[in-house]
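Architecture and fold: a report
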Protein chains: 2
Amino acid sequence: MKNDPRLSLRLHFEQGLTFGRGKADLLQGIAEEGSISGAGRRLKMSYRRAWALVEEMNGNFRAPLVDSSRGGAKGGGATLTELGQAVLADYRALEAMLRKAPELDSLRASLCDMSDKK
Amino acid sequence: MKNDPRLSLRLHFEQGLTFGRGKADLLQGIAEEGSISGAGRRLKMSYRRAWALVEEMNGNFRAPLVDSSRGGAKGGGATLTELGQAVLADYRALEAMLRKAPELDSLRASLCDMSDKK
DNA sequence: ATTGGTTATGTCAGACTAAACATATCGGAA
DNA sequence: TTCCGATATGTTTAGTCTGACATAACCAAT
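The name an unreviewed UniProt entry gives chain A is LysR family transcriptional regulator, with Paracoccus aestuariivivens as the organism.

Here it is as structure tokens:
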């Protein structure tokens, strides 16, 4: 119930940016793993892609969501900025609100059961 | 404010179906225009695509959302089934709930202003 | 200096998507 | 019977997105 795989909320803003579970999970992964590559491994996503998503986010928000540094003993790493933490929290809040909405259950009940193929 | 172009909510269900503003607007267009092609014209979407979306929806829900008939004086037409109306209403309700959420304003405030290019 | 894990980019083929064009069918109304 | 606007599909091309591979730069610790 913590991470409902059945539901995914994607927001599409006028600036052209889309923000959904992929980016949210990536932000969370970075926060918990301490690096972009670590988050990529956890999410089974190539570093190339993870990095591209980070760049997209950093470029579309007022300020970067992810702060990264390279080199050093551990090779470098990345952390969430305060804005990054706030954005992640906001998204999670919206997700939780959506999950509790009765209309969502109504929609689910209108779908085919899982037993249906393709 | 009725149709906020800045925001789009897309739901991704486990069955693989995605349902967002495109399909919702299409359903509404069909309800108001009385035909798939009319809705397509209004939404500036090819009939080919509009029809494909309808078929996808009809196939992924318990029962069809759109009822269509061909031939006749007006060439045919399409209307929403009760389930179709219900699904549309549920989606609009979720959309409205989301729009009122304070976290959404918070997210918006974190984005770049419109003046930014690309 | 060497090392190791990470950030940061480039490239390129293949998969997937979207758009454009083309037909065939239907059936009430004139 | 002919016509018209709509449904219902097929085909093809163009464009976009994705994934895999490759490489360079970075720098604290050893």
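Having put the structure on the table, let's press on.
Another aspect to go through is the protein's contact with DNA strand D. Taken together, 22 residues lie around DNA strand D, and Gly71 and Gly72 of chain A together with Ile36, Tyr47 and Arg48 of chain B are the ones closest in. Of all DNA strand D atoms lying within 4 Å of any protein atom, the proportion belonging to sugar or phosphate reaches 66%. The backbone of Ile36 of chain B places a nitrogen or oxygen atom 2.6 Å from a phosphate oxygen of DNA strand D. Here a base oxygen of DNA strand D sits 2.7 Å away from a polar atom, N or O, in the side chain of Arg48 of chain B. Among the elements of the structure, helix 2 (36-42), helix 3 (47-60), strand 3 (66-70) and strand 4 (76-80) of chain B are those that each provide at least two residues to the surface near DNA strand D. The leading source of residues in the surface near DNA strand D is helix 3 of chain B, at four residues.

What follows is about the protein's contact with DNA strand C. Lining the immediate surroundings of DNA strand C are 22 residues, of which Ile36, Tyr47, Arg48 and Gly72 of chain A together with Gly71 of chain B lie closest. Here Ser68 of chain A contributes a side-chain N or O atom positioned 3.0 Å from a phosphate oxygen of DNA strand C. Between a sugar or linking oxygen of DNA strand C and a main-chain N or O atom of Ala73 of chain B, the distance comes to 3.2 Å. Grouping the amino acids of the surface near DNA strand C by side-chain chemistry returns five nonpolar, eleven polar and six charged.

Now for the sheet that holds strand 2 (residues 18-19) of chain B. Strand order in the open sheet made by the four strands is 2(A)-1(A)-1(B)-2(B), with antiparallel pairing throughout. For this open sheet the edge positions go to strand 2 (18-19) of chain A together with strand 2 of chain B, each flanked by a neighbour on one side alone. On top of the sheet, helix 4 (residues 82-100) of chain A reaches strand 1 (9-12) and strand 2 of chain A together with strand 1 (9-12) of chain B; it is set at about 120° to strand 1 of chain A, its chief contact.

Cut-offs used in this document
Residues numbered from 1 in each chain as written. Chains lettered and ligands numbered in written order. Predicted model: local features only at pLDDT ≥ 70, side-chain atom pairs only at ≥ 80, totals over all residues. Heavy atoms only, no water. Near = heavy atom within 4 Å. Polar contact = N/O pair within 3.5 Å; in protein donor to acceptor, adjacent residues only side chain to side chain. Helix = DSSP H or I, 4+ residues; strand = E, 2+ residues; numbered from the N terminus. Nonpolar A, V, L, I, M, F, W, Y, C, P; charged D, E, K, R; others polar. Pairing = 2+ DSSP bridges. Contact = heavy atoms within 4.5 Å. Axes fitted to C-alpha atoms, helices over the stretch in contact; angles between N-to-C directions.

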